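Structure at a glance
Each chain, written out:
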Amino acid sequence: MQKITHLEGLRGLCCFIVVFDHCVTAFNSAFRHTNVSGIWGEIQRIIAWSPLNLIYSGIPSVYIFFILSGFVLSHKFNKQKDISILTSASIKRYPRLIIPIFFAMVILYLIYQVSNYTFDTSFQMTIKDVFMQSFVYVPFGGERLENGAMWTITYELFGSFLVFALLAIFGNFRYKYIVYLICFIFTLDTYYCIFIFGMTVNSLLHDNYSITLRKKSLSIILIIASLILMSFPYPRTGTEIGGIYQYMMLFSDHNKTYQYLIKFGSMALFIGLFSLHESILFFNKRPLQFMGKISFSVYILHVPFLIFILNFKNVVPTTFISMIALSSMVYFMTIITAIYFEKFVDNGSVKYSNILAKKIA
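Presented here is an overview of the structure given in this document.

Reading the values: the criteria
Residues numbered from 1 in each chain as written. Predicted model: local features only at pLDDT ≥ 70, side-chain atom pairs only at ≥ 80, totals over all residues. Heavy atoms only, no water. Helix = DSSP H or I, 4+ residues; strand = E, 2+ residues; numbered from the N terminus. Rg over C-alpha atoms; globule rule 2.2 N^0.38 Å. Buried < 20%, exposed > 50% of the residue type's maximum accessible area, 1.4 Å probe, protein only. Contact = heavy atoms within 4.5 Å. Areas by Shrake-Rupley, 256 points an atom, 1.4 Å probe, with all protein chains shown as cover. Lys, Arg positive; Asp, Glu negative; His and termini not counted. Charge placed at Lys NZ, Arg CZ, Asp CG, Glu CD. Salt bridge = Lys/Arg side-chain N within 4 Å of Asp/Glu carboxyl O. Disulfide = S-S within 2.5 Å. Phe/Tyr/Trp six-rings, centres within 6.5 Å; stacked < 30°, edge-to-face > 60°. 1 Å grid on protein atoms, 1.4 Å probe; cavity = no way out; pocket = protein on both sides within 12 Å on 5 of 7 lines; lining within 4 Å. Points joined across faces, edges and corners; volume = space filled by probe spheres on them. Nonpolar A, V, L, I, M, F, W, Y, C, P; charged D, E, K, R; others polar. Core = buried A, V, L, I, M, F, W, Y, C linked by side-chain atoms within 4.5 Å.

1. Side note on the overall build of the protein
Along its length, the protein carries 14 helices and zero strands. Along the protein, from the amino end to the carboxyl end, the secondary structure elements read α-α-α-α-α-α-α-α-α-α-α-α-α-α. Against the 2.2 N^0.38 benchmark of 21 Å for 361 residues, the protein shows a C-alpha radius of gyration of 21 Å, consistent with a compact globule. Each of the three principal axes of the protein carries a C-alpha extent, and together these read 65 × 50 × 40 Å. Residue burial in the protein is summarised as follows: out of 361 residues, 51% are buried. Relative to all contacts within the protein whose residues are 6 or more apart in sequence, the contacts with residues 24 or more apart total 77%. Put simply, the protein shows about 17,500 Å² of open surface, and 66% of that area lies on carbon and sulfur atoms. When the 28 positive and 16 negative side-chain charges of the protein are each reduced to one mean point, those points stand 11 Å apart.

Spelled out as C-alpha cells, the structure:
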C-alpha cells in the first residue's frame, strides 16, 4: 500500500477552502448571488453554476474531512490487527481534540475582550463559558457555539468512536464488509456514513482489494463527475439553481438533494484522486503538505480572527476587492498564529494524549 502523506495535502486544501467560505459569508455574501444584473452578475452565475463554486463552498470540504478521519483512524488497526490499538486510540481521542480547542477558545475570549474595548462591541463571554464551550458544548453539543466552525467536532468525536467500535467488533470478522455496508445504509441520512466509507476503503486496501481505477481516463472522468456532484448549489437566499444543476434535483427537498449529491460526490472524488498518480504527486507538494500540517490549527483558529477583522468591514465598501483584502488579513493572522499553535499546542496535545493512553491502557 502506498504512503498516505498526500492525504495531508488534501486535508490542507479543504481546510483553506472552508476558511474562504466563511470569509465570503462574513465580508460579501452577495458574491454568491445569482440574481445580480450586468457583467458582474454573469461572472457570479458562471461561478455559482459550475464546479468553480467549490472555491467558496465549505460543506464539501467537511465531507472530505470526515472521509479522511475514517480512513486515517482505521489505518493503524487495519495494518496490525491489534485490538489494543483501538483501546489506546479511544482514550486519546477526546483530549487530542479538546486540548487545542480549549486554547483556541481562550484566544476567542481574548479577541472578544480586545474588540469590546477597542471597537465598542458587546460580545458576551465569561471564563466559565470558555470551559463549558471547550469541554462540553463543542464535543457533545447542546448550546450555541461561539466558534461556529466547531460544529464538526461533535461529529468528529462520535464518528471516531463509531469507527473504533466497528473495527473492534467486526475488524477481524470474515463478513465484515457486509456489516459495514449495512451500517453505511443505516446511517446514510447522517454524516456518520462518510466515516464508515473512509474506514471501509482503508480496510479494503489493507485486505489487498483494489479500489483504484486502472485507466487514467476513467479516473479523470470520475473526478470531473464528482466535482459536478459536489458543486451542486447549497440552498441559500439569493442563490438559484441553474445550468446543469437544474436537472439534478433528486428530491423535491433542495437540502436533501444537496446532502446526497455532496455525499456521493465526495466519495467518488476520494476514489478518483486515489486512482490518479498525478493527484497524489500534486497533494504531496510542499505548500500543500504545509497547509495540511497546520490545518487543524487553522480550522479552529480562523473564526476568532475573522470576528476581529469584521470590525473593519464597515470601514470600506462591500466589494469583491474589499472581500479579498479582508479575507487576506484573516488568512495572514490565522496562518501566523497557527504555525506556533501547531508547534506548541497541537503537538503538545498529541504528546499528552499518548502519555495518557499509555498510563491507562
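Having put the structure on the table, let's press on.
2. Focus on the pattern of salt bridges
Under the criterion given, the structure shown has seven salt bridges. A salt bridge links aspartate 21 to arginine 32; the nearest nitrogen and oxygen atoms lie 2.5 Å apart. Of the two residues, aspartate 21 sits in helix α1 (residues 6-27) while arginine 32 sits in the loop between α1 and α2 (38-48), which places them 11 residues apart along the sequence. By relative accessible area, aspartate 21 is classed as buried at 8%. Residue classification places arginine 32 among the buried positions, given a relative accessible area of 3%.

3. Remarks on the state of the cysteines
By the definition in use, this model includes zero disulfides. Looking at the unpaired cysteine 15, the closest cysteine sulfur is the one in cysteine 14, lying at 8.8 Å.

4. A short note on the packing of aromatic side chains
The full count for this structure, using the stated rule, is 39 aromatic pairs. Arranged with centres 5.3 Å apart and planes meeting at 80°, the rings of phenylalanine 119 and phenylalanine 312 form a pair that is edge-to-face. Highlighted residues: phenylalanine 119 in helix α4 (residues 83-119) and phenylalanine 312 in the loop between α13 (295-309) and α14 (320-360), separated in sequence by 193 residues. Judged by its relative accessible area of 30%, phenylalanine 119 is partly exposed. Relative accessible area serves as the criterion here: at 29%, phenylalanine 312 is assigned to the partly exposed category. Between tyrosine 192 and phenylalanine 195, the ring centres sit 6.2 Å apart and the planes meet at 35°, which makes this aromatic pair tilted. You can see tyrosine 192 and its partner phenylalanine 195 sitting in helix α8 (residues 192-206), three residues apart, about one turn around the helix.

5. Quick notes on the layout of surface pockets
Empty space left among the atoms is revealed by rolling a probe the size of a water molecule over them. Volume-wise, the largest pocket comes out at about 1,300 Å³. Lining the largest pocket are 40 residues; nearest its centre among them are Arg11, Val72, Leu73, Arg93 and Arg96. When residues of the lining of the largest pocket are traced back to their parent elements, those giving at least two are α1, α3 (58-80), α4, α6 (151-170), α12 (286-293), α13 and α14. For the lining of the largest pocket, the class distribution of residues is 18 nonpolar, 12 polar and 10 charged. Volume-wise, the second largest pocket comes out at about 240 Å³. It is α1 that provides the largest number of residues to the lining of the second largest pocket, a total of four residues. Residues belonging to the lining of the second largest pocket are distributed by class as follows: 13 nonpolar, two polar and no charged.

6. A look at the nonpolar core
Residues Phe27, Met150, Phe270 and Ile300 are the most contacted members of the largest nonpolar core, which totals 105 residues. When residues in this core are grouped by element, the largest group, 14 residues, is from α4. When near neighbours in sequence (up to four residues on either side) are disregarded, isoleucine 300 contacts Pro100, Ile101, Ala104, Asn147, Met150 and Phe341.

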